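Each chain, letter by letter, is given below.
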Amino acid sequence: SHTMSEYVRMTDTERDQIDQDAQIFMRTCADAIHQLRTEAPKGVQSAQVKEHRTAVLDLIEDYLKRVCKLYSEQRAIRLKRVIDKKRL
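Below, the structure is looked at part by part. (Residues numbered from 1 in each chain as written. Predicted model: local features only at pLDDT ≥ 70, side-chain atom pairs only at ≥ 80, totals over all residues. Heavy atoms only, no water.)

### Overview of the overall build of the protein
For the protein, the count of helices and strands is three helices and zero strands. What you see in the protein, going N to C, is helices and strands ordered as α-α-α. The C-alpha radius of gyration computed for the protein amounts to 20 Å, which surpasses the reference 12 Å derived for 88 residues by more than 25%, pointing to a less compact arrangement than a globule. For the protein, the spread of C-alpha atoms along the three principal axes comes to 65 × 25 × 20 Å. Looking at the protein as a whole, 10% of its 88 residues are labelled buried. (Helix = DSSP H or I, 4+ residues; strand = E, 2+ residues; numbered from the N terminus. Rg over C-alpha atoms; globule rule 2.2 N^0.38 Å. Buried < 20%, exposed > 50% of the residue type's maximum accessible area, 1.4 Å probe, protein only.)

In structure tokens:
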């Protein structure tokens, strides 16, 4: 914690901007996955290729969900700290 005090801390405005950008980015990724999911099977004859693409998209979607969950947990911790600070 001593070394942390040597660095300039982020402001709440900067944190809010990062939160907003992260939410936009996660939504953009979810939309892109959805679009890929609808376009992936088009024009593909092989069942194996369709199955492979579906599996890859499932993995990517699962990863995005885990990242979103982690982000939400971290944001909840930050909001709890802000509320606790205001109570003091």
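The discussion continues.
### Comments concerning helix α2 (residues 12-39)
Look at α2: 40 Å from first C-alpha to last across 28 residues, which is about the 40 Å you get at 1.5 Å a residue. Where α2 is buried, its residues contact α3 (47-87). (Expected span 1.5 Å × (residues − 1). Contact = heavy atoms within 4.5 Å.)

### What about the state of the cysteines?
Enumeration over the complete set of coordinates arrives at zero disulfides. Free cysteine: Cys 29, not disulfide-bonded; nearest cysteine sulfur from Cys 68 at 8.1 Å. Residue class for Cys 29 comes out partly exposed when judged on its relative accessible area of 23%. Accessibility expressed as a relative area gives 23% for Cys 68, which makes it partly exposed. (Disulfide = S-S within 2.5 Å.)

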